[in-house]
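Single-letter residue listing:
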Amino acid sequence: MLIAGAKGFAKELLATIMQGNPEEKLAFYDDLSEDLPNLLLGKYAILKNEAEASAYLKNTDERFALGIGNPKLRSEFHKKFVALGGKPATIISAFAKIGKYNNFIGEGCSILTDVVIEADNSIGKGCLIHVGSLISHDTKIGDFCEISPRVNLLGKCVVGNFCSIGTASTILPQIKIGNNVVVGANAVVTKDVPDNTLVIGVPAKFAKK
C-alpha cells in the first residue's frame, strides 16, 4: 500500500496499520519535502515524484491511504492518486469499536485507536477520525473532515464537508456544522455554525470567517 505523506500523521497511520497487519508492505510519498531520507524509519521507501507513485500503483499495489491530516490536502491527494490509477483504502484500527448497526464509512477514511462509533452514523469519504473520539448515534459527517483526538460528536449532529474539529471539543446533540468550519480545541458547540467560520470557547462563539 502507498501512504500519501511521509511525516507526522503518516507515522501515526503506519502504527495504526501495523496493529492489524504487521506484515503489511508499505511505501510512502512526499514530493515537497527536501529534508527526507530515501527510507522512512530506515525501512520504508519514500517515493518523491508522480512517476514513481504511478509505477508503484500499477506494478506493486494499487491501494493508497491518506497520511496527512489537513482536510483540503486530503482531498487533493485523494484526487491525485485516483488519477494515477490508485484505489482508496479505508484504514480502521484493530482497537477501534465500530457498532454493527447501520454505520456507513466512506472510502479512504482513517479510523484510529480507541475511536468509538456507535449506531446509525454516516461518515463521508476521506475523513480522519483521530484517537479516542466518540461518534454517538445518527450523526452525519461530510467528506474530507479532520476529527481531532478526543472529540465528542453527540446524537443527531451534522458536520459538513472539509471541516476541522479541534482536540477535545464537543458538538452537542442536533447541532449543525456547515462546510469549511474550524472548531477550536476544547470548544463546546451549543449552536449551529454557518459555513466558512472559526468558532472557539465554551460555549463556542464566532471568532472569524
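See above for the structure.
Caption draft 1: Just the overall build of the protein, in detail. Broken down by element type, the protein carries three helices and 25 strands. In terms of C-alpha radius of gyration, the protein reaches 17 Å, essentially the compact-globule figure of 17 Å for 209 residues. Projected onto the principal axes, the alpha-carbon positions of the protein cover approximately 50 × 40 × 30 Å. Put simply, the protein has 209 residues, and 48% of those count as buried. Carbon and sulfur atoms make up 53% of the accessible area of the protein, which totals about 9900 Å². Distance between charge centres in the protein, computed from 23 positive and 21 negative side chains, equals 5 Å.

Caption draft 2: Geometry of the packing of aromatic side chains. All told, the structure shown has six aromatic pairs when counted by the stated rule. Plain terms: the ring middles of phenylalanine 28 and tyrosine 44 are 5.8 Å apart, the flat faces sit at 65° to each other, and that makes the pair edge-to-face. Residue phenylalanine 28 is located in strand 2 (residues 27–29), and its partner tyrosine 44 is located in strand 4 (residues 44–47); the two are separated by 16 residues in the primary sequence. Taken as a pair, phenylalanine 28 and tyrosine 44 share a single burial class, namely buried. Aromatic ring contacts, followed pair by pair, group Tyr29, Phe64, Phe77 and Phe81 into a single cluster. Positioned above the aromatic ring of phenylalanine 162, the side-chain terminus of lysine 72 is 5.6 Å from the ring centre.

Caption draft 3: Quick look at the pattern of salt bridges. On inspection of all chains with the given rule, the structure shows six salt bridges. Across the pair aspartate 31 and lysine 80 runs a salt bridge, and its minimum N-O distance is 3.2 Å. Placement of the pair is aspartate 31 in the loop between strand 2 and strand 3 (39–40) and lysine 80 in helix 3 (residues 71–83), with a sequence separation of 49 residues. The class of aspartate 31 is partly exposed, set by a relative accessible area of 31%.

Caption draft 4: Expanded view of the pairing of strand 25 (residues 205–208). Of the strand pairs in this sheet, strand 24 (residues 198–200) and strand 25 are connected by three bridges, and their pairing is antiparallel. Directly across from leucine 198, in strand 25, lies its bridge partner lysine 208. Between strand 24 and strand 25, which follow one another and run antiparallel, lie four residues, and glycine 201 among them has a positive phi close to 100°.

Caption draft 5: Spotlight on helix 2 (residues 50–59). Among all positions of helix 2, only Ala53, Ser54, Tyr56 and Leu57 are buried. Projected down its long axis, helix 2 shows its buried positions confined to an angular sector of 160°, all on one face. When the buried face of helix 2 is taken as reference, the exposed residues oriented beyond 90 degrees from it are Ala51, Lys58 and Asn59. The inward-facing, buried residues of helix 2 contact strand 1 (2–4), strand 2, strand 4, strand 5 (63–66) and helix 3. Capping of helix 2 at its N-terminal end is provided by asparagine 49; its side-chain oxygen lies 3.1 Å from the backbone amide nitrogen of alanine 51.

Caption draft 6: How the structure looks around the sheet that holds strand 15 (residues 140–141). If you trace the five strands from one edge of the open sheet to the other, you get 9-12-15-18-21, paired in parallel fashion. Of all strands in the sheet, those with a lone pairing partner are strand 9 (104–105) and strand 21 (176–177), marking the two edges. Relative to strand 21, strand 18 (residues 158–159) is paired through two bridges, and the arrangement is parallel. Considered in strand 21, the bridge of valine 159 is made with isoleucine 177.

Conventions and cut-offs
- Residues numbered from 1 in each chain as written.
- Predicted model: local features only at pLDDT ≥ 70, side-chain atom pairs only at ≥ 80, totals over all residues.
- Heavy atoms only, no water.
- Helix = DSSP H or I, 4+ residues; strand = E, 2+ residues; numbered from the N terminus.
- Rg over C-alpha atoms; globule rule 2.2 N^0.38 Å.
- Buried < 20%, exposed > 50% of the residue type's maximum accessible area, 1.4 Å probe, protein only.
- Areas by Shrake-Rupley, 256 points an atom, 1.4 Å probe, with all protein chains shown as cover.
- Lys, Arg positive; Asp, Glu negative; His and termini not counted.
- Charge placed at Lys NZ, Arg CZ, Asp CG, Glu CD.
- Phe/Tyr/Trp six-rings, centres within 6.5 Å; stacked < 30°, edge-to-face > 60°.
- Lys NZ or Arg CZ within 6 Å of the ring centre and 35° of its normal.
- Salt bridge = Lys/Arg side-chain N within 4 Å of Asp/Glu carboxyl O.
- Pairing = 2+ DSSP bridges.
- Arc of directions from axis to C-beta.
- Contact = heavy atoms within 4.5 Å.
- Polar contact = N/O pair within 3.5 Å; in protein donor to acceptor, adjacent residues only side chain to side chain.

Just distances and angles here, no functional claims.
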